[in-house]
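Close look at the chain arrangement
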Amino acid sequence: MTSHHPFDTPPRLTKAAVTQTVQPPFAAELFATLSVHSQYVLHGNVRDDHLVADVLDDGSRRSRALGLEELLWEGLRRAGYKCLLRYDQVSGFTVVHSDDGLDMNTLLQRNTRRLPGRSEENDGGQVARVFESFARGWVGERPGPPQDNPRYEDYQQPVRAALLVDYASRIPTQVNQLSDDERTFFLRCLKIAEEARPFPRPKTGRALFNPVIWLADGERDLPAWLVTSSVRVRSIGVPLPDLGQRRRMAGLLAAQAGVPGTATELDVGPLLKGAEREEPTPEDVERFARAASGLTLRGMRESMRLARARRLSFAEMDQAVRVYELGVSRNPWTGGAVADSIRDGETYIGRRVRGQEKAVTQTLDVLKRAALGLSGAQASSASVHRPRGVLFFAGPTGTGKTELAKAVATTLFGSEDACLRFDMSEFSAPHSADRLVGAPPGYVGYEAGGELTRAVREDPFRVVLFDEIDKADTGVMDKFLQVLEDGRLTDGQGVTTYFSECVLIFTSNLGVHGPSGPGGRPLSAPAGAERLPETPEERARFEEQILENVRHHFTHGMKRPELLNRFGGNIVVFQYIDETTAYEIFEGQLQNIAAHMERQSGLRLEVLPEARKVLADECTRDRHNGGRGIGMKLETHLINPLARTVFALGVDLTPGTVVTVSRVTVRPDGGVDLAVDARPGERPAARQPAW
């Protein structure tokens, strides 16, 4: 595995002559069309470094990293241009590069001075006037010798120049609602593009325009009619670096690892005091290049600066990239902390989620795989940003799916608060995906950003629970496809959120009532739906039926088979709770009621065996709704009549009073009567304030 282009050589190891320079495609496109376009809109990755490859006379290649200004100037100078200017709204016009002693600063000062009779001209009008003079090459405007001087004609020739309009996205306040001054400014720029004429080059005779090059974050940041109304204006995208470019940049940075001195050619910071020169291996370079997926080349350079500041070797650059992306140095996934939590939490999870031994085992397998960093390890080019773990919980309601997600969050990160829950029934409307990732520019809620992306950026180490995923709009599902594949989302403000440290859990009761159609409703109910599966064979058939119905829903109902493929073998089926588990859940919920009653009102609840048996039989008779159904029955058969009876007893109940339920009677009309006694108990000791 090579660390860079097979013919690349480190820039310091050869003195061979350069026979050709290979430019990035976007720059080559610009240089090749200077004879037909007078203005360009470069949009996208315009703040990055860019790689050029010098082909040497010995057949090898030498890569160099250049900023955009340096890259453009290098190509423009070869094409015969004499100066490169830059304009932005803060610094105004500045000279970036100038050849042949051109006094461009004096020319600009004369050009930007307010003219008599035009004192009310706004700044946009003055800037446009400079653009007009620039497009003409300042013919007749340059200060020079008198007409009888032999050099007079030289000063009447056009100045061959290029102009960068930096931060062009910030010029219009709102691109869809231009002010009168802004509309006039851009209209003058469009008129300049149409009326500009190319100038022939003395040596080649090739006629080239003086190009205005707008540098924008996005293609739509400038008025659409400016970009599309004239054939003289060309829009060119500047992409993020691909894996090959990242490999070449990683190779350049590897050549700088451990170079003595306070600065290097790539400005990656000083050599660590007392450190020896490093010798990175091709594997180190490859690992760095893959870890930097989604980063700019400048981001790779900054990651190396960060690594030096944190005393990380080049072999640990993947860790430096993770810190650079997430903005946090604490990583519970490393150092064995999460692995220890999983070992300690196995018993805790099994005790909290009852009757789902197979589901708990499958979930723990995914967590152990995540702790070892093996998620997606079978893929030859798996994205380093993919989530640590992905789980899809399918099965009947009330069987512990949400409870298991909360238990996973507690096990991994120490608190249920680390479980970020989204009820997907709230995201069933079209465009509801905007709530997750933020609205596009110009729409309501743009400034607030997305609920999901903002929360994950604040704390990237968490469990993200998407409850009842089948109720979400298809636009939301498409966002999930991007997260599962690339592990990142870019919100409406252009900020990228990484999910590489998250565990994503999706829950649904898809397939429980049969295969679903396009609307998510069952097409047909399975035979024997009233009888719950009890034997191991019946439970195995039920699991296979659920899996088949889930596959049917994603493939035929949603027409998103690719989303199903991203879940792979991580679909965990929950079974209906059995009779023993139902009684355990009943006992646990009854204890919760007693503890809550004592905590809130100081009353101690006792349910005698006869009453307890009646309650248990009533609450566990129908297990279709699982633990949630047991809770609903307890509410109607115990909590409501108990509250009514306690209120009837009046003010005689003081903290410490024992409330005993000795009998439960269910009337034919469904009402419930309780036999309740109250006797004074030991008054609890006064509680000390928590503070």
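Anyway, here's the lowdown on the structure attached to this text. (Residues numbered from 1 in each chain as written. Predicted model: local features only at pLDDT ≥ 70, side-chain atom pairs only at ≥ 80, totals over all residues. Heavy atoms only, no water.)

1. Topic: the overall build of the chain
Stated precisely, the cut-off is as follows: Strands are runs of DSSP state E lasting at least two residues, helices are runs of H or I lasting at least four, and both sets are numbered from the N terminus onward. Each accessible area is a Shrake-Rupley result for a 1.4 Å probe, and residues are judged covered by the shown protein chains and nothing else.
Across its full length, the chain holds 22 helices and 21 strands. With the model as given, the accessible surface of the chain reaches about 34,200 Å², and the carbon-plus-sulfur share is 50%.

2. Observations concerning the pattern of salt bridges
In a structure, side chains of opposite charge can pair up when their charged atoms sit close to one another. Our working rule: One side-chain nitrogen of Lys or Arg within 4 Å of one carboxyl oxygen of Asp or Glu is enough to make a salt bridge. Each residue gets one of three labels from its accessible area relative to the maximum for its type: buried under 20%, exposed over 50%, partly exposed in between, using a 1.4 Å probe on protein chains only.
For the coordinates displayed, the defined rule picks out 43 salt bridges. Between Arg-421 and Asp-467 there is a salt bridge whose closest N-O contact spans 3.0 Å. Within this pair, whereas Arg-421 is found in strand β13 (residues 419–423), its partner Asp-467 is found in strand β14 (residues 463–467), the two being separated by 46 residues in sequence. Overall, the relative accessible area of 41% leaves Arg-421 in the partly exposed class. For Arg-560, the salt bridge goes to Asp-478, with nearest N and O atoms at 2.7 Å. Here Arg-560 is found in the loop between α18 (536–557) and α19 (561–567), whereas its partner Asp-478 is found in helix α17 (residues 474–486), with 82 residues between them in sequence. Relative accessible area serves as the criterion here: at 34%, Asp-478 is assigned to the partly exposed category.

3. Some thoughts on the sheet that holds strand β21 (residues 672–679)
Sheet strands associate in pairs through backbone hydrogen bonding, adopting either a parallel or an antiparallel arrangement. Just so we agree on the cut-off: When DSSP locates at least two bridges between a pair of strands, those strands are taken to pair. To obtain each axis, a line is fitted to C-alpha atoms, and for helices this fit is confined to the stretch in contact; angles are then taken between N-to-C directions over 0 to 180 degrees. Contacts between residues were defined by any pair of non-hydrogen atoms, one from each residue, lying within 4.5 Å.
Spatially, β19-β20-β21 is the arrangement adopted by the three strands of the open sheet, whose pairing is mixed. At either end of the open sheet lies a strand with only one pairing partner, and these are β19 (604–607) and β21. Taken over all neighbouring pairs, the strand axes of this sheet differ in orientation by 30° on average, direction set aside. When strand β20 (residues 658–666) meets β21, the two strands line up antiparallel, connected through eight bridges. Bridge pairing in β21 places Val-664 opposite Leu-674. With respect to the sheet, helix α20 (residues 579–601) is in contact with β19 and β20, its orientation differing from that of β19 by roughly 155°. Its contacts with the sheet place helix α22 (residues 626–649) against β19, β20 and β21, and it is angled at close to 50° to β21.

4. Let's talk about the packing of helix α10 (residues 297–309) against helix α11 (residues 317–326)
To keep it simple, the criterion reads: Roughly parallel covers angles under 35 degrees, roughly antiparallel covers those over 145, roughly perpendicular covers 65 to 115, and oblique covers all other angles. The nonpolar class holds Ala, Val, Leu, Ile, Met, Phe, Trp, Tyr, Cys and Pro. Asp, Glu, Lys and Arg form the charged class, and all remaining residues, Gly among them, are polar.
Contact geometry of α10 with α11 gives a least axis separation of 9 Å together with a crossing angle of 105°. The orientation of α10 with respect to α11, classified from their angle, is roughly perpendicular. Contacts between α10 and α11 pair Gly-299, Glu-302, Ser-303, Met-304, Leu-306 and Ala-307 from the former with Met-317, Ala-320, Val-321, Val-323 and Tyr-324 from the latter. Residue composition of the contact of α10 with α11, grouped by class: eight nonpolar, two polar and one charged.

5. Describing the packing of aromatic side chains
What counts here: Ring geometry is summarised as follows: Phe, Tyr and Trp rings, the Trp one being its six-membered ring, pair when their centres sit within 6.5 Å, and such pairs are stacked at plane angles under 30 degrees, edge-to-face over 60 and tilted between the two. Charge-over-ring placement is defined geometrically: NZ (Lys) or CZ (Arg) within 6 Å of the ring centre, and within 35 degrees of the ring normal.
Applying the stated criterion across every chain yields a total of 21 aromatic pairs. For the pair Tyr-87 and Phe-93, a centre-to-centre distance of 4.7 Å together with 40° between the ring planes defines the contact as tilted. Each of the two residues, Tyr-87 as well as Phe-93, counts as buried. Note on Phe-506 and Phe-567: the rings are 5.1 Å apart at their centroids and 70° apart in plane angle, and the pair reads as edge-to-face. Here Phe-506 is found in strand β17 (residues 503–508), whereas its partner Phe-567 is found in helix α19, with 61 residues between them in sequence. The pair Phe-506 / Phe-567 is uniform in exposure class, with both members buried. Cation over ring: Arg-47 sits above Tyr-167, and NZ or CZ is 4.1 Å from the ring centre.

6. Quick look at the nonpolar core
So the rule is basically this: In this text, buried Ala, Val, Leu, Ile, Met, Phe, Trp, Tyr and Cys residues form a nonpolar core when linked through side-chain atoms within 4.5 Å.
Core analysis: the largest hydrophobic core is formed by 54 residues, its most contacted members being Phe-314, Trp-333, Leu-412, Val-463 and Ile-505. Excluding residues that lie within four positions of it along the chain, Val-463 makes contacts with Ala-405, Val-408, Ala-409, Leu-412, Phe-413, Ala-418, Cys-419, Leu-420, Val-503 and Ile-505. If you look at the next biggest cluster of nonpolar residues, it comprises 43 residues, including Val-437, Val-483, Leu-504 and Leu-564.

What is shown is where atoms sit, not what they do.
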